[in-house]
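A look at the structure
Residue-level listing of the chains:
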Amino acid sequence: RRLESSSEKPEFVQTDVAPGDNKALLTLSDGSSIVLSDAGMGEIAKQALVRVEKDEDGQLVYAPTENYKFSAENLKKEYNTVATPKSGQYQVLLPDGTKVRLNSMSSLRFPVTFDPVERKVQLSGEAYFEVAGAMSAGHRIPFRVVSNGQVIEVTGTKFNVNTFSDDSYIKTTLLEGGVKVREQSTGNSVQLKPGEQSLVRMNAPARGVSGRKDIISVRKADVEGDLAWTNGYFHFKDTDLKEVMQQLIRWYDIEVEYIGNISSERFNGYVSRKVSLSNVLAILQHGSEVRFELTDKGKVKIFSSNVEISSNTEASH
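Residues numbered from 1 in each chain as written. Predicted model: local features only at pLDDT ≥ 70, side-chain atom pairs only at ≥ 80, totals over all residues. Heavy atoms only, no water.

With that settled, consider helix α3 (residues 277-285). Burial runs high along α3: eight of the nine residues are buried. Listed in full, the buried residues belonging to α3 are L277, S278, V280, L281, A282, I283, L284 and Q285. As for α3, its buried residues are in contact with β23 (233-240), α2 (241-252), β25 (266-272), β26 (291-294) and β27 (299-303). Once α3 ends, the next one or two residues include G287, with phi positive near 75°. (Buried < 20%, exposed > 50% of the residue type's maximum accessible area, 1.4 Å probe, protein only. Helix = DSSP H or I, 4+ residues; strand = E, 2+ residues; numbered from the N terminus. Contact = heavy atoms within 4.5 Å.)

Here's what the structure looks like:
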């Protein structure tokens, strides 16, 4: 069923929930924190040889000073962390020019100054990267993304990494350039080409364990769908109800309760992330066997077709 706009509203809607927005917490190297949605435009901190600024678009920018360079002196690193809550997202420009966009419930830990050996960051959750090339003494400085037992090695490229723990795989989708994806515990690796996606099984066995060729694999990617969140859309492709609701939980900061058997329906299509929750539920409900009840406490009750909704719950239209 193609998801389209619908005038049919979920029953018993007593309130609504706004979509997520640019929200994140910046933790500096000394442990102090800054709520970025509360910070004003301009310089908000200084870290090592870098000015930390919030630009007019709300992006967090690490602007190198004149003395910044890829130097062995940077081997003693100071780290910062940007973490997004439920219903939050944020974009960061690292000092080497790399752009990172964090989805909700995600975090990025990175050194304020990169050294000439490698540029290494740690990711939890989901993020889209546009990695800038960097040179030192005539050599390319590799960029590595470490996440949940997986390492991505790149020299300059665009890719998306999804490491949410409610999925059994880490998914890396390559848009441009080339990356090598390595599973840390076994050492198994694959080289991706543009338009491909790697899947690394979480909780892989230790190195030397035989019979586990499925730990890492490659398939053709649905690039447009995998990057839909960066363009303001949910993308569902043969997605079951539980996974659909997990995405809504992360973006709208809600609780979900299933009443009766969970529907086996699967959903296909695009839905805007910029509309209120009731609109998304209306689209999902249209032509579906499930019904939704949205309470005033940010909780969604999901009823299967064989469960009657309580008649003593007052409906609001």
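That covers the picture; the talk isn't over yet.
All right, on to the packing of aromatic side chains then. For the structure shown, the criterion picks out seven aromatic pairs. When the centroid spacing of 5.1 Å and the interplanar angle of 90° are considered together, the rings of Y62 and F110 count as edge-to-face. Taken together, the residues span a long stretch of sequence, with Y62 in strand β6 (residues 60-64) and F110 in strand β10 (residues 107-111) at a distance of 48 residues. Judged by its relative accessible area of 2%, Y62 falls in the buried class. (Phe/Tyr/Trp six-rings, centres within 6.5 Å; stacked < 30°, edge-to-face > 60°.)

Looking now at the nonpolar core. Counting 42 residues, the largest nonpolar core has L26, L60, Y62, V82, V121, F129 and F159 as the members making the most contacts within it. Among residues more than four places away in sequence, those in contact with L60 are L26, L36, I44, V52, E53, V82, Y90, Q91, V92 and L93. Core analysis: the second largest hydrophobic core is formed by 23 residues, F236, V244, M245 and I249 among them. (Core = buried A, V, L, I, M, F, W, Y, C linked by side-chain atoms within 4.5 Å.)

End to end, α2 covers 16 Å across 12 residues, agreeing with the expected 16 Å (1.5 Å per residue, within 8%). α2 sits mainly inside the fold: nine of its 12 residues count as buried. Looking at α2, one finds that the buried residues are L241, V244, M245, Q247, L248, I249, R250, W251 and Y252. In the stretch just after α2, D253 is the one whose phi turns positive, near 55°. (Expected span 1.5 Å × (residues − 1).)

Judged by pairing direction, the sheet is mixed, and its three strands sit side by side in the order β24-β27-β26 without closing on themselves. The outermost strands of the open sheet, each flanked by one partner alone, are β24 (255-259) and β26. Shown here is a sheet whose adjacent strand axes are inclined to one another by a mean of 20°, direction ignored. Pairing geometry for β26 and β27, over four bridges, is antiparallel. When the sheet's bridge partners are listed, L294 is paired in β27 with V300. Strand contacts of α2: β24, β26 and β27, with the helix running at about 155° to β24, the strand carrying the most contacts. Contacting β26 and β27, α3 runs over the sheet at an angle of about 165° to β26. (Pairing = 2+ DSSP bridges. Axes fitted to C-alpha atoms, helices over the stretch in contact; angles between N-to-C directions.)

Here the focus is the side chain of Q47. Among the structural elements, Q47 can be located in strand β4 (residues 42-47). A residue is classified by how much of its surface remains accessible, and Q47, at 6% relative accessible area, is buried. Among the polar contacts listed, one links the side chain of Q47 to the side chain of S29, at a separation of 3.0 Å. For Q47, the residues in contact, after removing those within four places along its chain, are L28, S29, V52, E78, N80 and V112. (Polar contact = N/O pair within 3.5 Å; in protein donor to acceptor, adjacent residues only side chain to side chain.)

Under the counting rule described, the total for this entry stands at 10 salt bridges. Two residues, E118 and R144, come together in a salt bridge whose shortest N-O distance is 2.6 Å. In this pair, E118 sits in the loop between β10 and β11 (119-124) while R144 sits in strand β15 (residues 143-147), placing the two residues 26 residues apart along the sequence. Through salt bridges with shared partners, a single network forms among E118, K120, R144, E153 and R182. (Salt bridge = Lys/Arg side-chain N within 4 Å of Asp/Glu carboxyl O.)

A word on the sheet that holds β10. Read from one edge to the other, the open sheet built from nine strands follows the order β3-β2-β7-β10-β11-β15-β16-β19-β20, with strand pairing classed as mixed. Across the chains shown, the open sheet's two edge strands, defined by having one partner strand only, are β3 (33-35) and β20 (189-192). The average angle at which neighbouring strand axes cross in this sheet is 20°, direction not considered. In terms of strand pairing, β11 meets β15 through four bridges, oriented parallel. Bridging from a neighbouring strand, V121 pairs with V145 of β15.

Its volume calculated, the largest pocket comes out at about 810 Å³. In terms of lining residues, the largest pocket is bounded by 32 residues, among which N162, K171, D226, H235 and Q247 are the most central. Those elements giving two or more residues to the lining of the largest pocket turn out to be β17 (158-162), β18 (169-176), β22 (216-220), α1 (223-226), β23 and α2. Among the elements that make up the lining of the largest pocket, the one with the highest residue count is β23 (seven residues). There is about 200 Å³ of room inside the second largest pocket. (1 Å grid on protein atoms, 1.4 Å probe; cavity = no way out; pocket = protein on both sides within 12 Å on 5 of 7 lines; lining within 4 Å. Points joined across faces, edges and corners; volume = space filled by probe spheres on them.)

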